[in-house]
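# Structural characterization, general
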Amino acid sequence: AAGLSIKFLSGDRATEVVQLVGPRLVQLGKFNAAAELYLSMDFNKEAIDAFIEGEEWNKAKTVAKELEPRYENYVDQKYKEHLKNQGRVESLVGVDVMAALDLYAEKGQWEKCLDTASKQNFKILHKYVALYATHLIKDDDALKALQLYTQHGAPPNPQNFNIYKRLFLDLINLSNTDGPESYRMWADLRSFLQQLCENMSKSAEANSPAHEDFEQMLLIAHYLATRSAAKGVEQLLSVAAKVSVSLLRYTELIHADKAFYEAGLACKAVGWENMAFIFFNHFVDLCDALDDGRAPDHSDFLDTDIPFEVPLPTKLCVTDAQVEQIRDWVLMVSVENRLEQVLPRDERDTYEASLVAANTGLRSLPCVLTGYPVLRNKIEFPAAGKAANKEDWNKFLMATKVRLDLCCL
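Residues numbered from 1 in each chain as written. Predicted model: local features only at pLDDT ≥ 70, side-chain atom pairs only at ≥ 80, totals over all residues. Heavy atoms only, no water.

## Here we look at the overall build of the protein chain
Each helix and strand counted, the protein chain has 19 helices and 2 strands in total. Looking at the protein chain as shown, the accessible area adds up to about 21,900 Å², and 50% of this sits on carbon and sulfur atoms. (Helix = DSSP H or I, 4+ residues; strand = E, 2+ residues; numbered from the N terminus. Areas by Shrake-Rupley, 256 points an atom, 1.4 Å probe, with all protein chains shown as cover.)

Structure, rendered in structure tokens:
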């Protein structure tokens, strides 16, 4: 019917017949016939659509290229959509790699996504590394996100800074991570932040507020790694305890309940019961503040560098049973009245772990091992602002040597 109308009828009547017959042929799956019919009347767009409907992509591209160049992009776009809808990502890679990468990400095929992205360029790779890291952090898997950046590097892109900070905060506030078994995680976090800070120092972000923030995070990660390493050696438990005490300086970032709980445990383990009592007492205050909303008492920490204005915990780092255990110990010590509720002071007439002297305001360098102020017997290192307390440094070297000798045996 269409053939007869084209051959014998006037143009308008033939057009009417083709417009009626063409869609019917498409409905019947006669895509090539429909396209040929459309082409005979110069309905090029309709012919292209018929070929597309029949997945005759090469024919559609040929018609577009030879008869209607303005539709070449249209055919390409339809082809991409087809591959995407079919989930044929491997085929899509050769046509539109960015669309393929987006599809891999949507389907959660992150290994294929990153493998494909790594074959493009550094910028594209880290776009999808950041997307995957964000996905992992939302799924409470900050450790895997850390491993991701450990593997692929840490570019100093400002748009990534929130990811990096969230990654750091999630890791340092995990529960039960102060033991020697956590050393690898802290060492990886330290390496990641060290690389980031080095990259920032060579970029437009050098010496920016963000750079200073990440330098502080690097220092905290270093202390956490040092504490984990020290906790694995009996001779270094006092070093680990000093690190836990020094970390109270950073409760604007570390959850206060976690920091005071760990400092109390560490001090009690090495017999520093006076400090353990004060830290545990404040931990109990923080637990009570979670229940009644009242600000805890900071009077024990006047003239120290332990911050007052810190976020209150929204969820405790320990179980109710552990809280009650600490509460009972604090109550017992209070009843016995055998400890003085005063922090130990040093030759500066200042709390011994404070970097800032209470009377003069002078600031001491922190020990690279413990975070305690470096005063007289010290070891200085070539890097500016790096020093260690000689006693702790020698203790660390001796313990390390013992461990190495045992490994050799």
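## Some details on the packing of aromatic side chains
Scanning the model with the defined rule gives 15 aromatic pairs in all. Here the aromatic rings of tyrosine 164 and phenylalanine 192 are separated by 5.4 Å at their centres, their planes lie at 75°, and the arrangement is edge-to-face. With tyrosine 164 in helix 12 (residues 161-172) and phenylalanine 192 in helix 13 (residues 183-201), this residue pair connects regions lying 28 residues apart in the sequence. Among the aromatic residues, ring-to-ring pairing joins Tyr149, Phe161, Tyr164, Phe192 and Phe214 into one connected group. The residue whose ring lies beneath lysine 242 is tyrosine 372, and the NZ or CZ to ring-centre distance is 5.3 Å. (Phe/Tyr/Trp six-rings, centres within 6.5 Å; stacked < 30°, edge-to-face > 60°. Lys NZ or Arg CZ within 6 Å of the ring centre and 35° of its normal.)

## Overview of the pattern of salt bridges
On inspection of all chains with the given rule, the structure shows 13 salt bridges. Here glutamate 262 and lysine 258 are joined by a salt bridge, their closest N and O atoms 2.8 Å apart. One end of the pair, glutamate 262, and the other, lysine 258, are both in helix 16 (residues 256-269), 4 residues apart, so they sit about a helical turn from each other. Its relative accessible area of 8% is what places glutamate 262 among the buried residues. Using a relative accessible area of 4% as the deciding quantity, one classes lysine 258 as buried. The closest approach of N and O atoms between arginine 327 and aspartate 288, which form a salt bridge, is 3.2 Å. Note that arginine 327 is positioned in helix 18 (residues 320-336) and aspartate 288 in helix 17 (residues 273-292), a separation of 39 residues in sequence. The exposure class assigned to aspartate 288 is partly exposed, which follows from its relative accessible area of 25%. (Salt bridge = Lys/Arg side-chain N within 4 Å of Asp/Glu carboxyl O. Buried < 20%, exposed > 50% of the residue type's maximum accessible area, 1.4 Å probe, protein only.)

## Let's talk about unusual backbone geometry
If you check the backbone angles, aspartate 140 has positive phi at about 60° while not being a glycine. Structurally, the position occupied by aspartate 140 is in the loop between helix 10 (122-138) and helix 11 (142-152). Positive phi, normally seen in glycine, also occurs at asparagine 207, with a value near 65°. In this fold, asparagine 207 is placed in the loop between helix 13 and helix 14 (209-231). Judged by its relative accessible area of 65%, asparagine 207 is exposed.

## Points about helix 17
The end-to-end C-alpha distance of helix 17, which contains 20 residues, comes to 28 Å, matching closely the 28 Å that a straight helix rising 1.5 Å per residue would cover. Looking at the residues trailing helix 17, positive phi occurs at glycine 293, about 80°. (Expected span 1.5 Å × (residues − 1).)

## Focus: the nonpolar core
Among the nonpolar cores identified, the biggest contains 85 residues, and Leu189, Leu193 and Phe279 are the most heavily contacted of them. No other element matches the 10 residues that helix 17 contributes to this core. With 17 residues, the next largest nonpolar core counts Val26, Ala34, Leu37 and Ile48 among its residues. (Core = buried A, V, L, I, M, F, W, Y, C linked by side-chain atoms within 4.5 Å.)

## Let's talk about the environment of asparagine 377
Relative to the elements of secondary structure, asparagine 377 occurs in the loop between helix 18 and strand 1 (378-380). According to the relative accessible area criterion, asparagine 377 is exposed, its value standing at 61%. It is 6.1 Å that separates the C-alpha atoms of asparagine 377 and asparagine 389, two residues lying 12 residues apart in sequence. The contact partners of asparagine 377, leaving out residues within four places of it in the chain, are Ala388, Asn389 and Lys390. (Contact = heavy atoms within 4.5 Å.)

## Topic: helix 9 (residues 110-118)
Within helix 9 the residues assigned to the buried category are Trp110, Cys113, Leu114, Thr116 and Ala117. The buried residues of helix 9 all sit within an arc of 165° when viewed along its axis, so they share a single face. (Arc of directions from axis to C-beta.)

## Focus: the state of the cysteines
Counted under the stated rule, the structure contains 0 disulfides. Looking at cysteine 287, it has no disulfide partner, and the nearest cysteine sulfur is the one in cysteine 317, 7.6 Å off. (Disulfide = S-S within 2.5 Å.)

## Quick look at the environment of glycine 361
One can find glycine 361 in the loop between helix 18 and strand 1. On the basis of relative accessible area, glycine 361 is assigned to the partly exposed category, the value being 45%. As for glycine 361 and aspartate 303, which are separated by 58 residues in sequence, their C-alpha atoms are 9.9 Å apart.

## Some remarks on the packing of helix 9 against helix 10
Close contact between helix 9 and helix 10 brings their axes to 8 Å; oriented N to C, the two are set at 160°. Put simply, helix 9 runs roughly antiparallel to helix 10. Helix-helix and strand crossings are classified by hand; for helix 9 and helix 10 the assignment is left-handed. Residue-level contacts link Trp110, Cys113, Leu114, Ala117 and Ser118 of helix 9 to Ile124, Leu125, Tyr128, Val129, Leu131, Tyr132 and His135 of helix 10. Each residue belonging to the contact of helix 9 with helix 10 can be placed in one class, and the counts come to 10 nonpolar, 2 polar and no charged. (Axes fitted to C-alpha atoms, helices over the stretch in contact; angles between N-to-C directions. Parallel < 35°, antiparallel > 145°, perpendicular 65-115°, else oblique. Left-handed = near helix turned anticlockwise from the far one by under 90°. Nonpolar A, V, L, I, M, F, W, Y, C, P; charged D, E, K, R; others polar.)

## Some points on the packing of helix 16 against helix 17
Packing of helix 16 against helix 17 brings their axes to within 8 Å, and their N-to-C directions diverge by 155°. In terms of orientation, helix 16 lies roughly antiparallel with respect to helix 17. The chirality of how helix 16 crosses helix 17 is left-handed. The segment helix 16 lies against helix 17, with Ala256, Asp257, Phe260, Tyr261, Ala263, Gly264, Leu265, Cys267 and Lys268 engaging Met275, Ala276, Phe279, Phe280, His282, Phe283 and Leu286. Among the residues making up the contact of helix 16 with helix 17, the classes are represented as 12 nonpolar, 2 polar and 2 charged.

## Quick word on the confidence of the model for the protein chain
Per-residue pLDDT for the protein chain averages 86, and the proportion of residues at 70 or more is 90%. Here residues 403-409 is a poorly scored stretch, pLDDT under 50, and it has 2 contacts once near neighbours within four places are set aside; other chains count. (pLDDT = per-residue confidence, 0-100.)

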